[in-house]
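Here's the letter readout for the chains.
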Amino acid sequence: MPKIYFDNNATTRLDASVFEEMLPFLRDNYGNPSSLHSFGREARRALDNARAHVANLIGAEPGEIVFTSGGTEADNQAIIGTVDIIGKPGGRIITSAVEHQAVLNSCQHLQNKGYRTTLLPVDREGRIKLADLDKALDNDAVLVSIMYANNETGSIQPVEEAASIAKSRGILFHCDGVQAAGRLPIDVRKLGVDLFSLSSHKINGPKGSGALFVRRGILAPVLIHGGHHEQRRRAGTENVASIVGFGEACRLAKQRLDETARNCATLRDRLEKRIIEEVQPAVLNSCRGICLPNTLNVSFPGVDGQFLAINLDLMGIAVSTGSACHAESREPSYVLKAMGRSDDEASSCIRFSLGRENTIEEVDAVVLALKELVRSLRAT
Ligand SMILES: *Cc1c(COP(=O)(O)O)cnc(C)c1O
């Protein structure tokens, strides 16, 4: 049987047309975009083109897009760079308990240097309460960082409302939009965010590429110092081939947004319905309606999630227990714990994250495998 890949929140397959667009820049078009000769100008044109596609995906202007090495660097730049530029000793960053580690550990790094962090709690659906944010915004606040959609559960935060609260107090707002950009319609102007992180490899682009949206008019945060690349906002010769691929991935994602979302939602709903009916007891950790259309997170109490995932892998089915970034850790998911799940529930979860290539047949094959495995694991 061909393998089944249900781990698209960890990474996705490189789209064939993205690969084709990248190839010339891995072979013959090797110019440095900062060079003034024809080789350089060709690379510069390719960067400009990619920048326009990334900007268009999220309703930004091309000049507001800074290319980075990925979502992690974009988050680091947004948080560490902003705190650096504001330079308020003892300043406070307000974020949530369910953020990606790229955000949480950037905050931790700053905390070690004397800054302070407030982690907003979340409800059982994984969402912050706006009243908590309002209360946390004291005179020391320098930045609010709230993700758009959670990588483990798909839960969507009230970003527009949160950004508006921060704005009313004159505090900068960053959003980790890595799981949302290219999967949901995003308009940074409507959202009212100042900074927004994207990653290429979560939307069928190459790994090692991403971007930070920096709203025009704010002082740009800088993390990597050196030459005058990216209008002095990110030094280092640009990874041209990867950026070209990222641009094409954004163009395709925008074009296919509705189709992909609809396909994923159909599959996800079927998977959810069949699991609830046929693999009881199962606890849903993601909520339809306020969740990414491609993500389903379920706990199977009494079964070790890690063990279940390994056994599914032996049957050629790739899922995960949560974030790929701490898959080696045996700790129950901090995201699910923050959502009020018990240790048993949090360590018995499986995250199914679908992509545009998945099919109904695959969903049915996964349900069949799950039924067998969960029954036999519970029997032992
Ligand atoms: C994957 C992910 C990141 C990190 O992006 P990379 O490009 O892999 O560095 C950050 N935030 C979220 C929510 C993610 O899912």
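Since this is a predicted model, take the numbers as computed values, not measurements.

## Overview of the side chain of threonine 12
As for its placement among the helices and strands, threonine 12 is situated in the loop between β1 (4-5) and α1 (16-26). For threonine 12, a relative accessible area of 7% gives the class buried. Only 2.7 Å separates the side chain of threonine 12 from the backbone oxygen of histidine 201, close enough to count as a polar contact. Here asparagine 204 takes part through its backbone nitrogen, which lies 2.7 Å from a polar atom of the side chain of threonine 12. The contacts of threonine 12, once residues within four sequence positions are left out, are Arg183, His201, Lys202, Ile203, Asn204, Gly205 and Lys207.

## Digging into the sheet that holds strand β12 (residues 349-353)
The strand order β9-β10-β12 describes an open sheet built from 3 strands, whose pairing is antiparallel. A strand with exactly one partner marks an edge of an open sheet, and here the two such strands are β9 (283-284) and β12. Where strand β10 (residues 295-299) meets β12, 5 bridges bridge the pair, whose relative direction is antiparallel. Its bridge partner lying in β12, threonine 295 is registered against serine 353.

## Quick notes on unusual backbone geometry
Here the bond from glutamine 280 into proline 281 is cis, since omega is -10°, no more than 30 degrees from zero. Inspection of the secondary structure puts proline 281 in the loop between α8 (240-278) and β9. Even without glycine at this site, asparagine 204 takes up a positive phi of about 65°. Its location among the elements puts asparagine 204 in the loop between β7 (195-199) and β8 (210-214).

## Details of the domain arrangement of the protein
One widely used convention gives an interface's size as the accessible area the parts lose upon coming together. Assigned domains of the protein: these are domain 1 (4-12 + 257-379) and domain 2 (16-252). Between the C-alpha centres of domain 1 and domain 2 the distance comes to 27 Å. Taken together, the contact between domain 1 and domain 2 spans 31 residues of the former and 32 residues of the latter. Interface area, domain 1 with domain 2, both sides summed: about 2,600 Å², of which 52% is carbon and sulfur. On the domain 1 side of the contact with domain 2, Leu257, Ile290 and Leu292 bury the most area, a combined 23% of that side's loss. In this assembly, domain 1 and domain 2 are joined by 0 salt bridges. Residue assignment for the side of domain 1 that touches domain 2 shows that the elements contributing at least two residues are α8, β10 and α10 (334-338). Sort the elements by how many residues they give to the side of domain 1 that touches domain 2 and α10 lands first, with 4 residues. For the side of domain 1 that touches domain 2, the per-class residue count stands at 14 nonpolar, 14 polar and 3 charged.

## Section: the packing of aromatic side chains
Under the counting rule described, the total for this entry stands at 2 aromatic pairs. With a centroid separation of 5.6 Å and 35° between ring planes, the pair formed by tyrosine 30 and phenylalanine 39 is classed as tilted. When the ring of phenylalanine 67 is compared with that of phenylalanine 246, the centres are 6.3 Å apart and the planes differ by 70°; the resulting orientation is edge-to-face. On the criterion of sequence distance, the pair formed by phenylalanine 67 in strand β2 (residues 65-68) and phenylalanine 246 in helix α8 is long-range, its members being 179 residues apart. The two residues phenylalanine 67 and phenylalanine 246 agree in class, both being buried.

Reading the values: the criteria
Residues numbered from 1 in each chain as written. Predicted model: local features only at pLDDT ≥ 70, side-chain atom pairs only at ≥ 80, totals over all residues. Heavy atoms only, no water. Helix = DSSP H or I, 4+ residues; strand = E, 2+ residues; numbered from the N terminus. Buried < 20%, exposed > 50% of the residue type's maximum accessible area, 1.4 Å probe, protein only. Polar contact = N/O pair within 3.5 Å; in protein donor to acceptor, adjacent residues only side chain to side chain. Contact = heavy atoms within 4.5 Å. Pairing = 2+ DSSP bridges. Domains from an automatic or database assignment. Buried area = accessible area lost by both parts, 1.4 Å probe. Salt bridge = Lys/Arg side-chain N within 4 Å of Asp/Glu carboxyl O. Nonpolar A, V, L, I, M, F, W, Y, C, P; charged D, E, K, R; others polar. Phe/Tyr/Trp six-rings, centres within 6.5 Å; stacked < 30°, edge-to-face > 60°.

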